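# Residue-level structural notes
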Amino acid sequence: MNASMSANYRSGTAARLAGIPVATLRVWERRYEVIGPNLSASGHRRYSAEDVNRLALIKSLVDQGHPIGSIAHLPTEALRALPVAGATHEAPGAPRVRVALVGASLAAQAAAG
């Protein structure tokens, strides 16, 4: 086993590495069972590098708009396969067109035709 997979982090370090507050880590563990850390002999939670990577991935997906309750129990492989929220099927580099409709009659005309 390589060193990165055998890393053993305490809660504060794991949360900082994942980019989330410790309070969020605790809520995600308790409410959503996002991860199940090992316990040290003295009863402290210990997180592996794999746990930290999973937390960071979930944080990224939540930041993109995925609800934590919908993704918390998914296996890590399924999380990696989730589409980026808000992604479109536009061709790369295609110009985006934005339109602002002002006034009820203009909006009605646009909707009609």
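What you see is a predicted model, and the numbers here were worked out from it, not measured in a lab.

Rules behind the numbers
Residues numbered from 1 in each chain as written. Predicted model: local features only at pLDDT ≥ 70, side-chain atom pairs only at ≥ 80, totals over all residues. Heavy atoms only, no water. pLDDT = per-residue confidence, 0-100. Contact = heavy atoms within 4.5 Å. Helix = DSSP H or I, 4+ residues; strand = E, 2+ residues; numbered from the N terminus. Buried < 20%, exposed > 50% of the residue type's maximum accessible area, 1.4 Å probe, protein only. Arc of directions from axis to C-beta.

### Quick notes on the confidence of the model for the chain
For the chain, per-residue confidence averages 83 on the pLDDT scale, and residues scoring 70 or more make up 73% of the total. Predicted confidence for residues 1-5 stays below pLDDT 50, and this span has five contacts to residues more than four positions away or in other chains.

### Digging into the side chain of E29
Tracing the backbone shows E29 in helix α2 (residues 22-32). Judged by relative accessible area, which is 12%, E29 ranks as buried. The contact partners of E29, leaving out residues within four places of it in the chain, are V34, I35, P37, R45 and Y47.

### Describing α2
For α2, the full list of buried residues reads L25, W28, E29 and Y32. Viewed end-on, α2 has its buried residues packed into an arc of 115°, placing them on one side of the element. With respect to the buried face of α2, the exposed residues turned more than 90 degrees away are A23, R30 and R31. Those residues of α2 that are buried lie in contact with α1 (11-18), β2 (45-46), α3 (49-63) and α4 (68-71).

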